[in-house]
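# Summary of the model geometry
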Amino acid sequence: MGNNMTITTAQYIADEDGNNSCIQATIDGQEMFVPLDPANRHYAEILKQVAADTLRIADAE
Amino acid sequence: MTKARDLADFLGNNTSLSTINNAYAAGTLVPSSTNPSLIINGDMLINQRNAVFTNPNGVFPVDRFGVEQYVSTTTTQQSTTAPSGYSNSLLVTNGNAYTPTSANFTYRVYQNIEGFNTAPLLFGTSSAKTITISFWVRSSLTGTFGVAIQNSAQDRSYVSTYTITQANTFEKKTITITGDTAGTWIGATNGVGLRLIFDLGSRANRTASSANAWETGNFSRVSGCVEINSTTGATFYVTGVKLEEGSEATDFQHILYPEELTKCKRYYQVYGGSGNYHAFASVGTYNPSSGVGYLDLEVTMRTVPTGSTVGTFQASNGVTSACGVNLSGFAEPDGGCKLIQVHAHSGSNFINGYFMRVRANNDATTRLKFDAEL
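Quick summary incoming for the structure in this document.

### Side note on the side chain of glutamate 114 of chain B
Residue and element names in this part refer to chain B. Examined against the element boundaries, glutamate 114 turns out to sit in strand S6 (residues 108-114). The exposure class of glutamate 114 is buried, given its relative accessible area of 1%. Among the polar contacts made by the side chain of glutamate 114, one reaches the side chain of arginine 266 at a distance of 2.6 Å. Excluding its chain neighbours within four sequence positions, the residues that come into contact with glutamate 114 are Thr189, Asn190, Gly191, Gly193, Arg266, Tyr267, Arg302 and Leu374.

This is how it looks when you write it as structure tokens:
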């Protein structure tokens, strides 16, 4: 609900086939695995902050 | 169930159907009906996170009820202070008194209700239905407080008020709201169908021009409402929250604990805690540093959840190695999620081609957490 999440890091995680499966992010100080699903509130916030150019998602290692 | 009880109490030797019908017609037999509530965990009983949150922003001190505010040393938690007939309440305790400078400052207790459950209210159409909210509330402060209903986009709000007349005493409040015939309200989806908000001291940009009317904007109070942030240590308790269709508040129905817990697990689940070596999943290794397996969730979640871990993990099949764990879910056709992929990784310490169990690494704090809250 309109939460001002503080997202300090975000990086894609790749599965064994090399496809991005989720984003490993630090949100409000906690490490989380965020699915690539717009119905998920954390992913929605990541998309919002990326669109606002205040967050960049690093490529998977 | 309640009608069956009414009949059982009334019948005695009066077994004639016409006798029963006549009794209903005469009003000597009154069905003790109670409408279903759209609120989950309205009695604040379920508390899977089991934590006291300081400086809360988007936290859930009890299941399904969130607290948002962006400043201060506020704490929020489940409380055992409750009115008669209830075991728990949600408690917000203000920190140091402060005056927010931002007009967007928001200080609220809320529950976002899923669209699948609110669609029958037909908000946003000419057939929108009237709803009634009832709840028990207590505060160290007296005065007028704001309560609101909003849509998903937070561009339609109905603000009403209630008055706490006696400090530190639970009072029951009932508010009836005419359904919104305008605005955009999502239908039967897994998004936010309706937001219920208890305002604790939001600022100008959250203040409606008048109470008891639908307005365009993100509002949850009117001018003059109590701001608990102005008082050091001010408290706010709420429980027995019910939101139902119709213009009357029917009795709060206490749901059996397992049933209510199951409802809550659609939005949040936590695994672990049985001891120092709680086992979470079996994984098959596909190289010396990686293994993958699956966790079948207890309840299908609203959407693919955010996963997080607490504590330390190990993978073992005779040879034991500390490991990290990544989590990712799979979406079901309706957008929900039942299956989580557990990916264990270590520094080339696994034996390739074997199954291993992923468990706590001699750590009673180890948990897997899944969050699909709205």
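So that's the structure; there's more coming.
### Regarding the packing of aromatic side chains
For any two aromatic rings, the description comes down to two numbers: the centre-to-centre distance and the angle of the planes. Residues and elements named next belong to chain B. For the coordinates displayed, the defined rule picks out 16 aromatic pairs over all chains. Ring centres of phenylalanine 123 and tryptophan 214 lie 6.0 Å apart, and the angle between their planes is 85°; on these two criteria the pair is classed as edge-to-face. One end of the pair, phenylalanine 123, is in the loop between helix H3 (115-118) and strand S7 (131-139); the other, tryptophan 214, is in strand S13 (residues 214-216), and 91 residues separate them in sequence. Judged by its relative accessible area of 8%, phenylalanine 123 is buried. Summarising the aromatic geometry, the rings of phenylalanine 135 and tyrosine 162 are spaced 5.0 Å apart at their centres and angled 75° between planes, so their arrangement reads as edge-to-face. In this pair, phenylalanine 135 sits in strand S7 while tyrosine 162 sits in strand S9 (residues 156-164), placing the two residues 27 residues apart along the sequence.

### Some points on the environment of asparagine 317 of chain B
Residue and element names in this part refer to chain B. By the secondary structure assignment, asparagine 317 is in the loop between strand S20 (313-316) and strand S21 (320-331). Separated by 170 residues in sequence, asparagine 317 and valine 147 have C-alpha atoms that sit 55 Å apart. Setting aside residues up to four positions removed in sequence, asparagine 317 forms contacts with Ile351, Tyr354, Phe355 and Met356. Side-chain polar atoms of asparagine 317 contact the backbone oxygen of phenylalanine 355, separated by 3.4 Å.

About the cut-offs
Residues numbered from 1 in each chain as written. Chains lettered and ligands numbered in written order. Predicted model: local features only at pLDDT ≥ 70, side-chain atom pairs only at ≥ 80, totals over all residues. Heavy atoms only, no water. Helix = DSSP H or I, 4+ residues; strand = E, 2+ residues; numbered from the N terminus. Buried < 20%, exposed > 50% of the residue type's maximum accessible area, 1.4 Å probe, protein only. Polar contact = N/O pair within 3.5 Å; in protein donor to acceptor, adjacent residues only side chain to side chain. Contact = heavy atoms within 4.5 Å. Phe/Tyr/Trp six-rings, centres within 6.5 Å; stacked < 30°, edge-to-face > 60°.

Any functional reading would require information beyond the geometric quantities listed.
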